[in-house]
Amino acid sequence: MKTSEFKKAVESLGLVTDDAYNGFWICENETRDTVAFTSDRRMYNIKISETAHKSIGFGDLKELFELLTAYASTPLDEREPERKWYLRDPVISDESFNYLKINRKTGTRTYGEKYDYGDNWQTSYTRAEIEAFTFPTEHLIEDEVSE
């Protein structure tokens, strides 16, 4: 389970996640009473407050327990989305239109804006995709995608 999916699922229970030094506190929304904790740096690490059932009820506590178990069981390297990069051609002088774009249907390559418009053109690539390219990419500049 991805961290972003976990946080959305917690919010769907009417709870909030507060970032902690080594994980997330799960709190009741109105009173901010802490009901649970899970680590984002270790697997199988969860703590549930003894009084959590009073704050959120047994039904939501059961769902929260299942979410915590699913997240805590997820390997650390699978919790975050895979990193991606834009590839820029430094020879093209117009810096807003020098990003590699590949047509997903035809494989045609061109250069343009870095943003995806529709499903046809891909402009950000995982490390595995970059390494699998059959054309030279050594001259391209990599800019990490920040989301």
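Heads up: these notes are all about the structure in this document. Since we're looking at a predicted model, the values are computed, not measured.

1. Considerations on the overall build of the chain
Part 1 of the argument: Helix and strand counts for the chain come out as three helices and ten strands.
Part 2 of the argument: Ordered by position from the N terminus, the helices and strands of the chain form the series α-β-β-β-β-α-β-β-β-β-β-α-β.
Part 3 of the argument: Projected onto the principal axes, the alpha-carbon positions of the chain cover approximately 65 × 30 × 25 Å.
Part 4 of the argument: Within the chain, the fraction of its 147 residues that count as buried is 35%.
Part 5 of the argument: A separation threshold of at least 6 residues defines the contact pool for the chain, and within that pool the share at least 24 residues apart is 44%.
Part 6 of the argument: Element-wise, carbon and sulfur atoms account for 49% of the exposed surface of the chain, whose accessible area totals about 9,400 Å².

2. Re the packing of aromatic side chains
Part 1 of the argument: Using the criterion set out here, one finds seven aromatic pairs in the structure.
Part 2 of the argument: Between Phe24 and Tyr71, the aromatic rings sit 6.2 Å apart at their centres with planes inclined by 65°, giving edge-to-face as the arrangement. Of this pair, Phe24 sits in strand 2 (residues 23-28) while Tyr71 sits in helix 2 (residues 52-73); the two residues are 47 residues apart in sequence, bridging distant segments of the chain. No difference in accessibility class separates Phe24 from Tyr71, as the two residues are buried.
Part 3 of the argument: Residues Tyr125 and Phe133 carry aromatic rings whose centres are separated by 5.4 Å and whose planes lie at 75° to one another, so their mutual orientation is edge-to-face.
Part 4 of the argument: Tyr125 sits in the buried class, given a relative accessible area of 1%.
Part 5 of the argument: Put simply, the rings of Phe6, Phe24 and Tyr71 touch in pairs and so form one group of aromatic residues.
Part 6 of the argument: Against the face of Tyr21 rests Arg41, its NZ or CZ located 4.8 Å from the ring centre.

3. With respect to helix 2
Part 1 of the argument: Spanning 22 residues, helix 2 covers only 21 Å between terminal C-alpha atoms, well under the ideal 32 Å at 1.5 Å per step.
Part 2 of the argument: Burial in helix 2 covers these residues: Ala52, Ile56, Leu61, Leu64, Leu67, Leu68, Tyr71 and Ala72.
Part 3 of the argument: Those residues of helix 2 hidden inside the fold are in contact with helix 1 (3-12), strand 1 (15-20), strand 2, strand 3 (34-39) and strand 4 (46-48).

Calculation notes
Residues numbered from 1 in each chain as written. Predicted model: local features only at pLDDT ≥ 70, side-chain atom pairs only at ≥ 80, totals over all residues. Heavy atoms only, no water. Helix = DSSP H or I, 4+ residues; strand = E, 2+ residues; numbered from the N terminus. Buried < 20%, exposed > 50% of the residue type's maximum accessible area, 1.4 Å probe, protein only. Contact = heavy atoms within 4.5 Å. Areas by Shrake-Rupley, 256 points an atom, 1.4 Å probe, with all protein chains shown as cover. Phe/Tyr/Trp six-rings, centres within 6.5 Å; stacked < 30°, edge-to-face > 60°. Lys NZ or Arg CZ within 6 Å of the ring centre and 35° of its normal. Expected span 1.5 Å × (residues − 1).

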